[in-house]
Amino acid sequence: MSDFPFLTVLTVLPLVGALVVALLPVGADLLAKRVALGWSLLVLVITIVMCLGFEANGDRFQFVDSYAWIPQFGARFDFGVDGIALVMLALIGVLVPVVVLASWHDAEPGRRSVKTFFALLLALESTMVGVFAATDVFLFYVFFEAMLVPMYFLIGSYGGPRRQYAAVKFFLYSLVGGLLMLAAVIGLYVASKGELGAGTFAFQNLVELNMDPDLQKWLFAGFFIAFAIKAPLFPFHTWLPDAGGQAPIGAAVLLVGVLDKVGTFGFLRYCLPLFPDATRSFAPLVFALALIGIFYGAFLAMGQSDLKRLVAYTSIAHFGFIAIGCFALTTQAGTGAVLYMVNHGLSTGALFLVVGFLAARRGSVLVQDFGGAAKLMPLIAGAFFIAGLSSLALPGTNSFVSEFLVLIGTYTVNSVVAIIATVGIVLAALYVLWMYQRTMQGPLNPAIPTTLPDLTRREAWVIGPVLALVLALGVYPKPVLDIITPAVQATMQDAGASDPTPTAISGGGK
Amino acid sequence: MNTTGFTVPQLDYAALLPMLVLFGAACLGVLVEAFVPRPLRRPVQAGLALLALVVSFGTVVLAAGTQTITAGRAVAVDGPALFLQGSIAVLGIAALLLLADRTSDEQPTEAFPLVLFSLGGMMLFVAANDLLIMFVALEVLSLPLYLLCGLARRRRLLSQEAAVKYFLLGAFASAFFLYGVALLYGYADSVRLADLYRAVGSSGRSDALLLAGLAMLLIGLLFKAGAVPFHMWTPDVYQGAPTPITALMAACTKVAAFGAILRVLQVAFLNTRWDWRPVLIAVAMVTMVVGAVLAVTQTDLKRLLAYSSIANAGFILCGVAGLGPAGTASTLFYLASYGFTTVGAFAVVMLVRDADGEATHLSRWAGLGRRSPLLAAVFTFFLLAFAGIPLTSGFISKFGVFAAALDGGAVALVVVGVIASMVIAFPYLRLIVLMYLSEPVPDGPTVTVPGAFTAASLALGVAATLLLGVVPGPLLDLANRASEFVR
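These numbers come from a predicted model, not from an experiment.

**Side note on the overall build of chain A**
The helix and strand tally for chain A stands at 21 helices and 2 strands. Against the 2.2 N^0.38 benchmark of 24 Å for 510 residues, chain A shows a C-alpha radius of gyration of 22 Å, consistent with a compact globule. Taken along its principal axes, the extent of the C-alpha atoms in chain A is 70 × 55 × 40 Å. If you sum the accessible surface of chain A, you get close to 16,600 Å²; carbon and sulfur atoms cover 68% of it. Charged side chains in chain A number 26 positive and 27 negative. The centres of these two groups are separated by 12 Å.

Spelled out as structure tokens, the structure:
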């Protein structure tokens, strides 16, 4: 660990970049794009340096930065990452440059400002980093809500035809959750005041509170609903297909790839450790919702004719697995859930990116506007296929490892849930393969102009790194697992859970 | 003004100076009106008024830390009084800048002394330690406002209707207040707050006098604060009054009204809190919900802001119901930060104009973000602050009052408050959608380039809303230190 304030820099730097891009002269669109790309790559480099300096078996929270903020509330600028937050920061670091490059021409057709688009992306990156890096609950809440604003404008200004509706729905759903969480945050603060004498928001202190189980249930509910809307868990999911379907591709990748992970991250960071008793009482309910989500998401994905909505629905199914992994309260399942969060970001990100390529060529994301397209665009079809396989968790791709860990980790404590969830894998194969078949295989749809180009160089740079990570993590996930496992162990310890078979822990690390 | 006939009371001039400056300047303003030639009148009046407010603010700062009761125990200058007087002075400057600006529909120059009288009355209102002085201050602050409401140059009927409505209802509320004072005098043989405090429980007279008196007093005060069910005047008056005056009422009158409510409840009736607190909580709940729900249905921007101000009165009442120093401090902070945001919002309203004045119908604002991105961005920022999004002062203030209420055990109040916050976010959001995501209307309103004064007021609003959201520490600290009433 060095003394360099990595997390502060990572939070502030993209915001500075956003201001720089926003202040560029009007019309300097290309410059704005280049600055945004360069800036996001700089953030990526700093993130990588930080990851290399992270000691997997060191302190739970590393790169801790702490500054006084509002002493009257006991709120501080406290930053620190455990393994879970670190891998999420790495995911953000990778996805943002990819998204910037993928959105190169996205803002152009409209009369909207190009530089504003990229400034919003960088501002969004800043809030996303902040939300994972904060260890002060108040600061976390600030980023959690602030995150909505850039995303709202990205969807509302640059999205599809029903963008207004989608943006408002997204904002209102998130705000409802956020305000319920605000009530719980205040409740937590008052509880800490009652027990410690002075109110605090520091995670490390809050974990040690001994709260009354009834109070825990109420506060848990406040946090849980906010995270369940964010994640999104059935029945709080209805905003996602609209938002994901209407958002510009770049924003959709970040929305589903990263923003939604804040929900599952919140389960692990806040719900489990802060409210262990309530977690145990609510776990069966969460399992039920997650299982419904897995099947509901899968069936609706099959029924979609819009590729973006389809991908959004697959995410709802995947979030079911992640939620089960979080609430199974075993290290294995928890590790699997965290790895799944990373993997889902990559595989769904890849799917959205390919859909974006298709949309840019065909001007449509409807399934019936394609068919046999693989003949024209073999490389894009190949990328689509790999991304799809990763989404259905084929062995050899990244998602397999995580899904497997979640399922065996869950099986040791609740075999029924694990078995039912396994059926969901079959459905995943169905919707992915069917989607691929209808768009890429079979006779060429005569409506497709035969002049459509295959993958361009820029697009290759967009999708290449993501697919490389998909395959690399599928074959050799150990480095990531090594980082995640101690953090998950600590989380489960806070939640008061003990693993049923001690050997399972070592199994998780292999 | 505070002298009585029989004995000359001791006057602590240093403590009274903020008010004396304003009343003095107001009287001077009347003379200016009479003797200064017409072309010079406007700059002289505006300069005089601004100077008076700045000096008054300076004297408030110099008096910081004072804890004294002066003028025959009729005026209490303590932490809350000084904090509120300072807020009134600064917010008064912000609103006066709007009034002084050339881009606004020019108000007659009489408006300046009237505003000063009103602001002086507000300063006395929050420092009154005696119910009769409080009543006098109430009238001093209200009468100029009734006049000011009727001064609009355009849409005169609407403006005059607003003035008459405000006057009639205001007079009615004042009558309630006075009746309450009479009943309380019957209970305690005194109208001083400290005597009332001592009389509670030891008076031996019927509690009916106490409770009925308190209830009537509160009706008068809650009317000024714009709390439901005494809010009916707010939308009409806010809509009809000239916009700078609306800004003045939304910011300063609110500060004054809540300052008085805090003082009366905390100083005189602390020991009857078991009687009034449930009522106050119920009023707060209803105010938040009614304000938020009706805001959703509005199609006129000024009416929307009026309902938003009603809902905000409910949020502020949460802080009042929180009791204790924490409740007082959070209320003080809320009043100051909300005032800046609301003056800023009304300043924006002034700038978006049609052929016949301000374009306040919502549909006229469609696509404004496309035509004047900066103004739309500023207004969006204010709306986000109203909605309580973090990194704006609105979030910190809401957090403060909810935390105080929850700390005081009012869980249900906070839950209702959170729900109301969700509801009221919708109209703000709809407005943002309208400005950014809708196509501009073909013959849309023009956006006036703000004059230096309006620009200064806007800049003050943006800076305060941002700074109090990001580094609220200093003002919170000030509010905490200023939260002790002197009895």
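What follows continues from the structure just given.
**What to know about a nonpolar patch on the surface**
Residues and elements named next belong to chain B. Among the surface-exposed residues, Leu143, Val164, Phe167 and Leu168 lie close enough to one another that they form a single nonpolar patch of about 370 Å² accessible area. The biggest single contributor to the nonpolar patch is helix H6 (residues 156-188), with 3 residues. Look at leucine 143 and you get partly exposed, because its relative accessible area is 43%.

**Section: the state of the cysteines**
Residues and elements named next belong to chain B. For the structure shown, the criterion picks out 0 disulfides over all chains. Cysteine 149 carries a free sulfur, and the closest cysteine sulfur to it, the one in cysteine 252, is 13 Å from it. On the accessibility criterion, cysteine 149 (0% relative accessible area) is buried.

**Quick word on the layout of surface pockets**
For the largest pocket, the calculated volume is near 2,000 Å³. Sorting the residues of the lining of the largest pocket by element identifies helix H1 (6-23), strand E2 (75-81), helix H4 (114-133), helix H5 (137-146) and helix H6 (148-158) of chain A together with helix H14 (368-371), helix H15 (373-387) and helix H18 (452-470) of chain B as the ones contributing at least two each. Within the lining of the largest pocket, the residues separate by chemical class into 34 nonpolar, 10 polar and 4 charged.

**Some thoughts on empty space enclosed by the protein**
Residues and elements named next belong to chain B. All chains considered together, the criterion is met by 5 cavities of 30 Å³ or more. If you trace the largest cavity, you find 21 residues lining it, with Ala152, Arg154, Ala241, Lys302 and Glu358 closest to the centre. Residue assignment for the lining of the largest cavity shows that the elements contributing at least two residues are helix H9 (233-240), helix H10 (243-268) and strand E4 (357-358). In terms of residue class, the lining of the largest cavity is built from 6 nonpolar, 7 polar and 8 charged. What the second largest cavity holds in volume is close to 80 Å³. Within the residue set of the lining of the second largest cavity, elements represented by two or more residues are helix H13 (324-351), H15 and helix H16 (393-407). In the lining of the second largest cavity, the residues fall into 4 nonpolar, 7 polar and 1 charged.

**Re the side chain of glutamate 33 of chain B**
Residue and element names in this part refer to chain B. Looking at where glutamate 33 falls in the secondary structure, it is placed in helix H1 (residues 13-35). The buried category is assigned to glutamate 33, whose relative accessible area is 16%. When sequence neighbours within four positions are dropped, the list of residues in contact with glutamate 33 reads Arg41, Gln45, Thr109 and Glu110.

Analysis parameters
- Residues numbered from 1 in each chain as written.
- Chains lettered and ligands numbered in written order.
- Predicted model: local features only at pLDDT ≥ 70, side-chain atom pairs only at ≥ 80, totals over all residues.
- Heavy atoms only, no water.
- Helix = DSSP H or I, 4+ residues; strand = E, 2+ residues; numbered from the N terminus.
- Rg over C-alpha atoms; globule rule 2.2 N^0.38 Å.
- Areas by Shrake-Rupley, 256 points an atom, 1.4 Å probe, with all protein chains shown as cover.
- Lys, Arg positive; Asp, Glu negative; His and termini not counted.
- Charge placed at Lys NZ, Arg CZ, Asp CG, Glu CD.
- Patch = residues over 30% accessible without salt bridge, like charges linked within 9 Å, V, L, I, M, F, W, Y side chains within 5 Å.
- Salt bridge = Lys/Arg side-chain N within 4 Å of Asp/Glu carboxyl O.
- Buried < 20%, exposed > 50% of the residue type's maximum accessible area, 1.4 Å probe, protein only.
- Disulfide = S-S within 2.5 Å.
- 1 Å grid on protein atoms, 1.4 Å probe; cavity = no way out; pocket = protein on both sides within 12 Å on 5 of 7 lines; lining within 4 Å.
- Points joined across faces, edges and corners; volume = space filled by probe spheres on them.
- Nonpolar A, V, L, I, M, F, W, Y, C, P; charged D, E, K, R; others polar.
- Contact = heavy atoms within 4.5 Å.

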